[in-house]
Amino acid sequence: MSDHLETLRQFRQGIYESFPYRRDSLLDLLDALSSNERARSTVELSLNPCFRRQYSALYKAIGQAYVESDYPVCSLEAYQQGAVLLDTLPPPRQRPYQVFGLDETPNERLYARCLRDRQHIHRCTPVAAQRPLSEGHTYSVLAAFPEVEADEWCRWALPLQVARVSSVSTAIEVAHHQIAQLLSYRPPTNDLLKVLTVDSRYPTPAFLHGLRDYRDLLVIARVRRNRSFYTLPDPHSSPTRPRWYGSRFKLNDPTTWPPAVQQETLQRPQFNGQKLTYRLSRWTNLLMRGTRDYPMHRYPLDVLCCQRLDDNQQPQGAPLWLLIWGPSRDQITSGQVQHAYAQRFRLEHFFGFAKSHLLLTAFQTCHTPHEINAVRLAALAYGQLWL
């Protein structure tokens, strides 16, 4: 217990020192967010007993929480707070790597006509006839997944970097900046292999080629079932220029699959006591077709097929295809790849909990920098709840 209290004290001291202005008000605001039960708007937090000031101090604190946060990921305070959060993360004991996740979330601002840099965003809707589009902002979140014991709750995701995807940038550019910040933190964090799990929109030549110089980074990404890869070419297949790609490997056509290099069957226990059986098939040294700007034929990758089996050891449902990219992909087994990607769904819990309880997207303002500050403070309150 004393260790946890000391970690919490160091975290709060580091966060307090990172704020440039109104430190006491901002720390009260974090406490009000962390203890929120009834507030459905940001101004209602001024009625929280943890916020010991008037409601006007709340808006002033949000407006001055970060400096130069209008452009994505350029705030020194947010960078320092990411380092403080990462210092609270205990080193992994069961596996020699740390798992991180990267994803986007929309902030719908349909009626904020005066809001600067409002864009078309994706909005989930249960109605099939409606278009999943709206207007607002999109935020990119890079989170760390703490290692937990078998009897602990394993849904926590520690948000380290929160950045807005502006109209003059792309999600891939913002993701590259966030990953560069993660890898720039001081040791001992950089001594471990970092496993980054992403969704199917990220495994593109533009995203992967930008990470080619990071030797201690491993990317695990879900790929769509209609993707195609290529085997290594035969060096003597052409009398002129050597070929860059071999035969086509279609994920939705089993006739194009060569024999799997590795194949194993494992069981994963669930919360209800049942065990799910998976058959993992891995193909190594495949290639992704690139472009002139992104010569992906120089960077081989692995592909893993995760097929769930029923009680009769027969395939059940569609398989999950995972891409493994990085120079250290031989250091991680197929079972570890499947387990690492399964942790990516902690981000979905963070988005759902933070939006409903921490008011992640509830701050209504016409000033874009103030909205960015409010989103970052909500993510920071989630990190404080983890401690």
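Since we're looking at a predicted model, the values are computed, not measured.

1. Points about the overall build of the protein chain
For step 1, the next point in the chain: Summing up its helical and strand segments, the protein chain has 9 helices and 12 strands in all.
For step 2, the next point in the chain: Along the first, second and third principal axes, the C-alpha atoms of the protein chain reach 75 × 45 × 45 Å.
For step 3, the next point in the chain: Looking at the protein chain residue by residue over its 387 residues, the buried ones come to 49%.
For step 4, the next point in the chain: In the protein chain, the proportion of contacts linking residues at least 24 apart, taken out of those at least 6 apart, comes to 64%.
For step 5, the next point in the chain: In the protein chain, the 45 positive side-chain charges and the 36 negative ones have mean positions that sit 6 Å from each other.

2. Focus on the confidence of the model for the protein chain
For step 1, the next point in the chain: Predicted confidence across the protein chain gives a mean pLDDT of 89, with 94% of residues reaching 70 or more.
For step 2, the next point in the chain: Residue range residues 69-73 is modelled with pLDDT below 50. Its contacts to residues more than four positions away, or to other chains, number 23 contacts.

3. Notes on the pairing of strand β1 (residues 97-108)
For step 1, the next point in the chain: The buried fraction of β1 is high, at 10 of 12 residues.
For step 2, the next point in the chain: Where β1 lies against strand β5 (residues 193-198), 5 bridges are found, and the strand directions are parallel. Within β5, the residue paired with Phe100 across the bridge is Leu196.
For step 3, the next point in the chain: Inspection of the sheet shows β1 paired to strand β3 (residues 133-145) by 10 bridges, in the antiparallel sense.

4. What about the side chain of Arg95?
For step 1, the next point in the chain: Checked against the element boundaries, Arg95 lands in the loop between α4 (76-87) and β1.
For step 2, the next point in the chain: Although Arg95 lies buried, it forms no salt bridge, and the closest oppositely charged side chain, Glu147, sits 4.2 Å away as judged by the N-O distance.
For step 3, the next point in the chain: When near neighbours in sequence (up to four residues on either side) are disregarded, Arg95 contacts Glu147 and His339.

5. Quick word on unusual backbone geometry
Trans peptide bonds make up the majority, and among non-glycine residues the majority have a negative phi.
For step 1, the next point in the chain: One non-glycine residue, Arg22, lies in the positive phi region at around 50°.
For step 2, the next point in the chain: Structurally, the position occupied by Arg22 is in the loop between α1 (2-18) and α2 (23-34).
For step 3, the next point in the chain: With relative accessibility at 35%, the residue Arg22 sits in the partly exposed group.
For step 4, the next point in the chain: The phi torsion at Asn285 lies on the positive side, around 55°, for a residue other than glycine.
For step 5, the next point in the chain: Note on placement: Asn285 falls in strand β10 (residues 275-286).
For step 6, the next point in the chain: Given a relative accessible area of 34%, Asn285 falls into the partly exposed group.

6. Side note on the packing of α2 against helix α3 (residues 55-63)
For step 1, the next point in the chain: In contact at an axis separation of 9 Å, α2 and α3 are set at 105° when each is read in the N-to-C sense. Judged by the inter-axis angle, α2 sits roughly perpendicular to α3. Judged by residue contacts, Ser25, Leu26 and Leu29 of α2 engage Ala57, Leu58, Ala61 and Ile62 from α3.
For step 2, the next point in the chain: Looking at the contact of α2 with α3, its residues break down into 6 nonpolar, 1 polar and no charged.

7. Focus: the packing of aromatic side chains
For step 1, the next point in the chain: Per the stated rule, a full pass over the model turns up 17 aromatic pairs.
For step 2, the next point in the chain: For the pair Phe350 and Tyr382, a centre-to-centre distance of 4.9 Å together with 75° between the ring planes defines the contact as edge-to-face. Placement of Phe350 in helix α8 (residues 346-356) and of Tyr382 in helix α9 (residues 368-386) is noted, with a sequence separation of 32 residues between them. Comparing Phe350 with Tyr382, the two get one shared label, buried.
For step 3, the next point in the chain: Among the aromatic residues, those joined into a ring-pair cluster are Trp156, Phe350, Phe351, Phe353 and Tyr382.
For step 4, the next point in the chain: Sitting over the ring of Tyr16, Arg23 keeps its end group 5.7 Å from the ring centre.
For step 5, the next point in the chain: Over the ring of Tyr202 we find Arg201, and its NZ or CZ is 5.7 Å from the ring centre.

8. Structural notes on the environment of Arg23
For step 1, the next point in the chain: Structurally, the position occupied by Arg23 is in helix α2.
For step 2, the next point in the chain: Using a relative accessible area of 33% as the deciding quantity, one classes Arg23 as partly exposed.
For step 3, the next point in the chain: With 42 residues separating them in the primary sequence, Arg23 and Ala65 have C-alpha atoms 8.2 Å apart.
For step 4, the next point in the chain: Setting aside residues no more than four positions away along its own chain, Arg23 makes contact with Tyr16 and Glu17.
For step 5, the next point in the chain: At a separation of 3.4 Å, a polar atom in the side chain of Arg23 contacts the main-chain carbonyl oxygen of Tyr16.
For step 6, the next point in the chain: Among the polar contacts made by the side chain of Arg23, one reaches the main-chain carbonyl oxygen of Phe19 at a distance of 2.7 Å.

Criteria and cut-off values
Residues numbered from 1 in each chain as written. Predicted model: local features only at pLDDT ≥ 70, side-chain atom pairs only at ≥ 80, totals over all residues. Heavy atoms only, no water. Helix = DSSP H or I, 4+ residues; strand = E, 2+ residues; numbered from the N terminus. Buried < 20%, exposed > 50% of the residue type's maximum accessible area, 1.4 Å probe, protein only. Contact = heavy atoms within 4.5 Å. Lys, Arg positive; Asp, Glu negative; His and termini not counted. Charge placed at Lys NZ, Arg CZ, Asp CG, Glu CD. pLDDT = per-residue confidence, 0-100. Pairing = 2+ DSSP bridges. Salt bridge = Lys/Arg side-chain N within 4 Å of Asp/Glu carboxyl O. Axes fitted to C-alpha atoms, helices over the stretch in contact; angles between N-to-C directions. Parallel < 35°, antiparallel > 145°, perpendicular 65-115°, else oblique. Nonpolar A, V, L, I, M, F, W, Y, C, P; charged D, E, K, R; others polar. Phe/Tyr/Trp six-rings, centres within 6.5 Å; stacked < 30°, edge-to-face > 60°. Lys NZ or Arg CZ within 6 Å of the ring centre and 35° of its normal. Polar contact = N/O pair within 3.5 Å; in protein donor to acceptor, adjacent residues only side chain to side chain.

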